[in-house]
Amino acid sequence: MAEGIVKLLEANKTTELCELADELPFEEIKQNFKSRCLHASGDPCDLLRAIFKGSPCHNPSGLERHVGMFVFAVELLEDDSMHPKTSSDLIGVLLMETDGYAAPTLAELADLFVDRIKAGEIKTGRSLELFPKIMSCIAVCSTVPLAPVSCGTMDGSEYKSHVLNKLCAAKWHADSVIHLANMFRDVPMSLEELKFVIEKIMRLLKEVDLRELPALVYQLLLLSVKGHKRLVLEGVSQFFHAMDQQCREEESSERESVGTICVNELRHTEGNVILHIVFAIKQDQDRGREFLKYLKSCQVQANDCMLAPFNVALALSISRIQRFGEQILDSLKSAIIANFRDSDRYRTSKWVQENVAPPVDVEQQILQTVENSKCGWDHVSQGMVQLGFLLMDSFGPKHGNVSESAVTVWLSPSQRACSLGATILLETFKSQEFVRAEILEQTLNRIVTRATSPSSHYIDLLTGAVGSCPQFLIDSLSKVREIFDYLSFLPVPTAWGLLRAIEPLLKVNLSLRDSLMLVLRKSLFSRQLEARKIAVMGYLLVLEKFKILGTVLPSSQPLSQSLHLSQVEVDVHSRPDSAGNEALCLEILGNLRRCFSQQCEVRQVLYDRLFNVLRLNSQLGGSVLDLLYCQFEKYFEPGDDVLPPVKLAPCVSGCGSEIILVEPLAHLVSCLQLCVVRRDDQASEEEHGGFEDMETVDECKKALASLTKRILRCELEDFELDKSSDFSHASSVGVKNTIFAEQLLGIYEALIEFNFMSCGFSIQSSEVVLQLFEAYQTLRTLLKEKCAGGGKGRGRPQLSANKQSHPTSHLSLHCTAKLLDSVYSDLTPSHQQSLSLLRANQQFIYHLVTVSVQKIHQIRDCGSCDGAFGMHRSLIFDKCCVMGKNLFNRFTSDFPLDKQRDRGKSVAVVCLDGFCQLINGVCTRYPEKLVQFLGCSSSHAVASVATVADVQHDLHQHIKKLQKVVVATLSDAEGPFRSRDAAMVVSLMLTMSQRLQQDSMELQQVLGWCQKLCMEQSVDDHSLVKALVKLLFTLTLQLKSGTSVMRKMSGDIHYHLGDVEEDVEVAEQCNYAVVSPTTASPTVMVSLIGHLDRVLDDIDWMVNQMKSRVCPLDLSAAEGVRAPEVQDTLENAVCVRLAGTVLSLHHLSQSAVVCVVTDPLLKVLTHVYISLCAAVKYFLAVYNQHVGELSGQFEKLVKLTATRLQPQVYSLITYIQSTQGPEPIVTKKGKGKKAPAVRGRVLRETKTVPNLIYHIEQYEKFLIQLSTKSKVNLMENFKRSTSRDFRINTAALEQALNGQQDSDDEQLNDAEKENSAMETQHDGSSQEPETKKTNSKRGIARSDQSMVSSSKKAKV
């Protein structure tokens, strides 16, 4: 039968074909056709064409059979068993037949497809290839009847839209979403229809299996070729952001049920999606531009999705495309630093906390991206490396010492960004092997090429990389060796950090160690002093780390005999043994002997660091002692009766009239005594009764004891030093005597440390210590008097720092901390008798505290201090804790013996200053250990605090002690502290209070105490008032959202300063006692203006947040952005905050201010009008977007500015111009010196006043526009002021010009008198003043013209 139909088709017998088709049962035809399609029993396409040929559409029965066969073929196309070739041929036949259908048939077929999609009958998606053709045919139809017929007809394009709407409104089965997305690529649609379809597919992303998501996203990207590229990118990004959030919630929840998302599968899906998007952007760069717009809009709107892990990964992958790399990385950097700044703002402002949600933890999100990249996201890791280095380069440390005002217990946004960049690189280095080479190379390049700028953050990164993956660096020895070539050219701190970073590699690779030894040997004989110092530091570092086990060679054996041992078993893959370490160390000690013939600075580095070698590598003790003692013997007189016991003359060298120090004998003695004491302690701890070199130790101890006895018997005359000696720096004799005195002072201190540390707490040792200190004090007093009375002269630069201040101490950090702890905290009964002698000597206590503060200053500025214990971070922090505890307890306790010194500071004041500097240093150098430090500062606390409650309690106890100090200082004028000292205490309270928890009872107590003190206590000292007001404003901003404090304080200022109108009597206001006629201006007023600026910054930030929600960059996405209730709350909050600020400025603008605060006051008034303009522009945007209307609070705010601020501002301007205007320039000699200051004030006023007027008129301009938009008369209460013109005082100008002319004439006459003998030069000199006079007149005229032009601009 089927063959007959096919033959009739081939014979082109249409009539017979139609008759046969009518005779055959339709079910039989379908079964035959199905058999051909599924079982390959014949060609189904021939049969289908024959049936269609025999079923003419003009015949009702033929049309029914034609459509039925079409529908049946569509159903068969969804069968999985059909061969792809067969299905492709069938689709071709069906597509050709579609063109012949009438509109009703096409509508019926379209409805058929919609019904099949609703029923979930789409399995393979082959039949959907017919739907676009049907929709195209429908779109070109003039009319399409609706079913039922009574419903009328529609235009073809309208009916197509109707079908699309019905299709998108239906529920799609998850398995058919990909096929439908692929189908819509060929469906003709308008942009609105395309957006509707894309949004429908986006909503179904969460229903699709994770493994199918990459294919669906790929189809969406292809679909977006027609339009709405950004919509697709934004939707995909937000979807995966939501998936990540759900995944984190499931991981953090404690539910026993299994999570619905497989994390590994999600990460692989995200990686594939990112690859699809990046490939699509490479093909069509318009998508890249749309993604950049999306990033910028997210940044403006502070969208959490901006720095979501998936979005960051996608952005970093796209950044590998050269065209978009720089822009994307800059956007991410800006978003990160903006997030950190917003976090700081949120932490310090209660008003911000009450009105906005907390910002996201960007560090966690970025690091989550790094963690996700472990799942094979190689394309993300490259961008991650670029982002990490960009953050470190942009926000790394800068040059300059740490100032006291810079102290903060929280890292700044720049510091957090730099730390984040380092963490990104380190975590990427650990997890991604293929980027390790690039990270290492870029890190080393930056260390070398950026030697002029601080590189500590890069060295820290290198240290982390070496510690995490040492084997990789061993495999990259060529790069490490290459940097050795630049070692001697680096700054000393950078070179030292680099050596410390690569030190672990030296232990496991002998080849690298030998390369370093060769470089250090060359550097030791370099012409550059810095290179020699680096060589010594490198040698000593190797001696510290390459420890020797067992016994070492006798110290008396020549070192050269063992040099060949360093070449034994040089194998890159073998670990060095003890014998190899011994040979290496002895070889280095032999090289270090040559330092004794080099400059003083090189020897000083050796002496300062050699003790650490003995401390960490005890088996080298004999060799170290032998090395030092041999050098010491050159300057030591061995006889017991020989005076003086040391020879100072060989320590200096003279070249002509220049005297230089060649042997730092004080450092040598200090290093020797440290090593002797340490070696003695090591021998007592040794189980077998000591070391083989104890004879050398005993000999050194006898020499130091003899030196102590004989130096106490010496007079200054024995060293050729007395009151008649010359200590000036203008002569070589004076320089030599000063060097001798400094070395002798250092020897005294070294012997003080030796006798205290070696003899224990005996009465004899305390007496010797005090005798040595008395000799030290006598010489120091003489040197100080001579330097103070000798005038200023030329001398050595290195000595100038020690003339008027305390000389650099040679006491080690360890001894200083132990002495301080013993004097103030040691309660051991057996120690009290000896310590009582030390405690009774107030000069010794003062010297000890001063030395402690000196060490603290060095730690704060450099992170290290002079001496043996000042180079290791852990030791420094431990000693800081000891000193901090004693300094804090000292100045917060009552000591009746502590009286105010006649000249200088008391001990308590020095302790206070030291503790403040110590807090500063810990915040800068050990920010992560601040809480631990404060805990150690308490007498009852331990090194680590267990709970948060304990931390808060401990901090609060510290603050309470400080409060008692402040109260005692204010109540007792004759106490140890003055008011300016109490200012340091208040600043210290502010630093500590920043670590208290937000809204805690402890922080509330600090605010209450400060507010009560400011209200009840009258203070005359300006520094203390400034500190108290700053503490009050800071805590108020952090804990209170109101503006009552600044309003009351501004009223007090107005009362004490008086009104700008002399006949106006200000009502009495005394809310705060600290505000007095002497402190109101400028102290309190400047602090209040700074606080107002901070409040206005918060308002500006909040207005920008509100505006971003109303006016997103993508206007098509503006729907649903503005939440009316939330936005209305923000609007009211901003208006109330601005109203409080306006009321504060209402009082300040009426105050009779002095010249010092004029400029800050005008600037803050300008700032408030800028903020008001921003608020008006926001409401203009609200009306332009038709998303809201004016609030009642804003109308009140506008009325308030019109009645309570603007008239007062113009009165203030008039007052300033009338009372503080520039005086005419006087021409007489001696009175023209003030002209530059007057001219500078004039220039400032010509900028600030016109700028203020300009912003006032801008505010009025936008108010007029808003009045038109809102139909509300906002200008009702405004009055046009007459003080709007910047007129030039003609009389004053003429007087100034005449005065300038008289001055020029005087200069001309003087020149004529001086050059009367030379007529030719006389002519030139007589013309020159004329030129100057003409130029000066032109300059004045030009300045006047600029003032007039600025006035015109302000009026416009």
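Residues numbered from 1 in each chain as written. Predicted model: local features only at pLDDT ≥ 70, side-chain atom pairs only at ≥ 80, totals over all residues. Heavy atoms only, no water.

Observations regarding the pattern of salt bridges
To keep it simple, the criterion reads: Basic side-chain nitrogens of Lys or Arg form a salt bridge, by our definition, when they fall within 4 Å of a carboxyl oxygen of Asp or Glu. Residue exposure (1.4 Å probe, protein chains only): buried if accessible area is under 20% of the type maximum, exposed if over 50%, otherwise partly exposed.
For the structure shown, the criterion picks out 34 salt bridges. Its salt-bridge partner being aspartate 284, residue arginine 287 comes within 3.9 Å of it at the nearest N-O pair. Note that aspartate 861 and arginine 860 form a salt bridge whose closest N and O atoms lie 2.9 Å from each other. Like aspartate 861, the residue arginine 860 is buried in the burial classification. The network of salt bridges with shared partners includes Asp209, Arg211 and Glu265.

Remarks on the packing of helix H15 (residues 285-300) against helix H16 (residues 309-318)
Defined as follows: In this analysis, axes come from line fits to C-alpha atoms, helices being fitted only over the stretch in contact, and the angle between any two N-to-C directions falls in the range 0 to 180 degrees. Secondary structure elements follow DSSP: runs of H or I no shorter than four residues count as helices, runs of E no shorter than two count as strands, and numbering proceeds from the N terminus. Any angle that is under 35 degrees is reported as roughly parallel, and any over 145 degrees as roughly antiparallel; angles of 65 to 115 degrees are reported as roughly perpendicular and all others as oblique. Crossings are classed by handedness, with left-handed meaning an anticlockwise turn of the near helix from the far one by less than a right angle and right-handed meaning a clockwise turn. The contact definition used throughout considers only heavy atoms, calling two residues in contact when any of these lie within 4.5 Å.
Remark: H15 packs on H16, axes separated minimally by 12 Å, with the N-to-C direction vectors making an angle of 140°. Taken together, the axis directions place H15 and H16 in an arrangement best described as oblique. As for how H15 packs across H16, the hand of that crossing is left-handed. Residues Phe291, Tyr294 and Leu295 of H15 lie in contact with H16, whose contacting residues are Asn311, Leu314, Ala315 and Ile318.

Section: the nonpolar core
A general feature of soluble globular proteins is that nonpolar side chains tend to end up buried together. The following threshold applies: For the purposes of this section, nonpolar cores are sets of buried Ala, Val, Leu, Ile, Met, Phe, Trp, Tyr and Cys residues that join through side-chain atoms within 4.5 Å.
Ranked by size, the top nonpolar core spans 294 residues in total, and within it Leu462, Leu592, Val849, Phe891 and Phe1194 carry the most contacts. Looking at this core element by element, the count peaks at 15 residues for helix H49 (residues 1158-1185). If sequence neighbours within four positions are ignored, leucine 462 has contacts with Leu440, Thr443, Leu444, Ile447, Leu473, Leu498, Ala501 and Ile502. Core analysis: the second largest hydrophobic core is formed by 126 residues, Ile117, Tyr159, Leu233 and Ala313 among them.

A short note on the side chain of serine 1144
Take serine 1144: it is sitting in helix H48 (residues 1124-1148). By relative accessible area, which is 0% here, serine 1144 ends up buried. Dropping the residues within four chain positions of it, serine 1144 is found in contact with Met1046, Arg1047, Ser1050 and Leu1092.

Quick word on the packing of aromatic side chains
Applicable threshold: A pair of Phe, Tyr and Trp rings is counted when the ring centres sit within 6.5 Å of each other, with Trp represented by its six-membered ring. The angle between the planes then sorts it: under 30 degrees is stacked, over 60 is edge-to-face, the rest tilted.
Within this structure, the stated rule accounts for 23 aromatic pairs. Between tyrosine 1259 and phenylalanine 1278, the aromatic rings sit 6.1 Å apart at their centres with planes inclined by 65°, giving edge-to-face as the arrangement. Of this pair, tyrosine 1259 sits in helix H52 (residues 1235-1270) while phenylalanine 1278 sits in the loop between H52 and helix H53 (1290-1314), and the two are 19 residues apart along the sequence. Each of the two residues, tyrosine 1259 as well as phenylalanine 1278, counts as buried. Cluster of aromatic residues (ring-pair linked, three or more members): Phe888, Phe891, Phe915 and Phe933.

Brief notes about the environment of phenylalanine 611
Within the secondary structure layout, phenylalanine 611 lies in helix H30 (residues 600-616). Among the residues examined, phenylalanine 611 registers a relative accessible area of 3% and is labelled buried. The spatial distance from the C-alpha of phenylalanine 611 to the C-alpha of arginine 678 is 8.6 Å, given a sequence separation of 67 residues. When near neighbours in sequence (up to four residues on either side) are disregarded, phenylalanine 611 contacts Cys671, Leu674, Cys675, Arg678, Ala868 and Phe869.

Some points on the pairing of strand E4 (residues 658-661)
Defined as follows: Here, strands pair whenever DSSP counts at least two bridges between them.
Residues Ile659 and Leu661 of E4 are buried on one face, while the alternating residues Glu658 and Ile660, pointing to the opposite face, are not. Both strand E3 (residues 652-655) and E4 contribute to a ladder of four bridges, which runs antiparallel. Across the sheet, the residue bridging to valine 652 is leucine 661, located in E4.

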